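# A closer look at the structure
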Amino acid sequence: EFRRVLFRSIDANKKLDEITKSLNDYLETKRLYFPRFFFLSNDNLLEILSETKDPQRVQPHLKKAFEGMNSADFSADGKITHINSPEGEKVPLDKSIDPARARGNVEVWLVELEAMMVASIRTQCLSCCEDYTVKPFLEWLQHWPGQSVIAGMNYHWTKEVEATFDELG
């Protein structure tokens, strides 16, 4: 009887090892597709991957995957329209992201969201730089998100310093 139980236990351990290896291989493919998943534990990643039907349930994990992003705003039809910083600043996306198009592959729409975030922040920074010359400083400062203001101020400071050097030069 003892031998039979021992062999069952050994068999169960072998199967568990096979399952664990298969699970790790599966998670590795997801991480290779969306490298920001490397910042998440296996438990967090499994929780995200299990939320294929309701993308809004991924919200608690966004701040773990994207530094400076606390959450995203979803429209009534389920599209992602804005990203929000931990400080409460809201940045509209240049183009909304439709998680439903990914057909349950969370990593696919997260890659799209990442690309759109970069494009939208770039748009914000360029618009902020243009707006600097038009609006009074305090109004300009309060109108734009902090990251755009810092980029805009650095741009204009550099431009003004270069102009000064050209005048002296």
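Refer to the structure above for everything that follows.
This write-up is about the structure you can find in this document. (Residues numbered from 1 in each chain as written. Predicted model: local features only at pLDDT ≥ 70, side-chain atom pairs only at ≥ 80, totals over all residues. Heavy atoms only, no water.)

The helix and strand inventory of the protein stands at 6 helices and 3 strands. For the protein, the C-alpha radius of gyration of 24 Å lies well beyond 15 Å, the compact-globule estimate for 169 residues. Sorting the 169 residues of the protein into buried and exposed places 31% on the buried side. Sequence separation of at least 24 residues holds for 35% of the intrachain contacts in the protein that already meet a minimum separation of 6. When the 21 positive and 27 negative side-chain charges of the protein are each reduced to one mean point, those points stand 12 Å apart. (Helix = DSSP H or I, 4+ residues; strand = E, 2+ residues; numbered from the N terminus. Rg over C-alpha atoms; globule rule 2.2 N^0.38 Å. Buried < 20%, exposed > 50% of the residue type's maximum accessible area, 1.4 Å probe, protein only. Contact = heavy atoms within 4.5 Å. Lys, Arg positive; Asp, Glu negative; His and termini not counted. Charge placed at Lys NZ, Arg CZ, Asp CG, Glu CD.)

Another aspect to go through is a nonpolar patch on the surface. A contiguous nonpolar patch, built from Phe-2, Leu-6, Phe-7 and Ile-10 and spanning about 440 Å² of accessible area, is present on the exposed surface. With respect to the helices and strands, the residue Phe-2 is situated in helix H1 (residues 2-33). (Patch = residues over 30% accessible without salt bridge, like charges linked within 9 Å, V, L, I, M, F, W, Y side chains within 5 Å. Areas by Shrake-Rupley, 256 points an atom, 1.4 Å probe, with all protein chains shown as cover. Salt bridge = Lys/Arg side-chain N within 4 Å of Asp/Glu carboxyl O.)

On to the packing of helix H4 (residues 106-132) against helix H6 (residues 146-168). As a packed pair, H4 and H6 sit with axes 8 Å apart at the nearest point and diverge in direction by 50 degrees. By the angle between their directions, the pair H4 and H6 is classed as oblique. In this structure, H4 crosses over H6, and the sense of that crossing is right-handed. Contacts from Ile-121, Gln-124, Cys-125, Cys-128, Cys-129 and Tyr-132 in H4 reach Gln-147, Ser-148, Val-149, Ala-151, Gly-152, Tyr-155, His-156 and Glu-160 in H6. When the residues that make up the contact of H4 with H6 are grouped by side-chain class, the tally is 8 nonpolar, 5 polar and 1 charged. (Axes fitted to C-alpha atoms, helices over the stretch in contact; angles between N-to-C directions. Parallel < 35°, antiparallel > 145°, perpendicular 65-115°, else oblique. Left-handed = near helix turned anticlockwise from the far one by under 90°. Nonpolar A, V, L, I, M, F, W, Y, C, P; charged D, E, K, R; others polar.)

Regarding helix H2 (residues 42-49), the residues found buried are Asn-44, Leu-45, Ile-48 and Leu-49. Burial along H2 is one-sided: seen end-on, the buried residues are contained in an arc of 130 degrees. Where H2 is buried, its residues touch H1, helix H3 (59-65) and H4. (Arc of directions from axis to C-beta.)

The next subject is the packing of H1 against H2. Between two packed helices, what matters for the description is the angle formed by their axes and the separation of those axes. Their axes nearest at 11 Å, the elements H1 and H2 cross at an angle of 70 degrees. Classified by the angle their axes make, H1 and H2 are roughly perpendicular. Counting all contacts with H1, which are made through Leu-23, Asn-24, Tyr-26, Leu-27, Lys-30 and Arg-31, the residues of H2 involved are Asn-42, Leu-45, Leu-46 and Leu-49.

Time to look at the pairing of strand E1 (residues 71-74). Two strands pair when backbone bridges link them, and E1 and strand E2 (residues 80-84) are joined in this way by 4 bridges, in the antiparallel orientation. Paired with Asp-73 across the bridge in E2 is His-82. Linkage of E1 to E2, two consecutive antiparallel strands, is achieved through a turn of 5 residues, within which Gly-78 is found at a positive phi near 90 degrees. (Pairing = 2+ DSSP bridges.)

Right, let's talk about the pairing of E2 for a bit. As defined by bridge partners, E2 adjoins strand E3 (residues 90-97) across 4 bridges and the pair is classed as antiparallel. By the bridge assignment, His-82 is partnered in E3 with Pro-92. As consecutive antiparallel partners, E2 and E3 are separated by 5 residues, and within that stretch Gly-88 has a phi angle of approximately 95 degrees, a positive value.

Attention now moves to the environment of Ser-148. Here Ser-148 lies in helix H6. A relative accessible area of 2% places Ser-148 in the buried class. Along the sequence, Ser-148 and Cys-128 sit 20 residues apart, while their C-alpha atoms lie 6.2 Å from each other.

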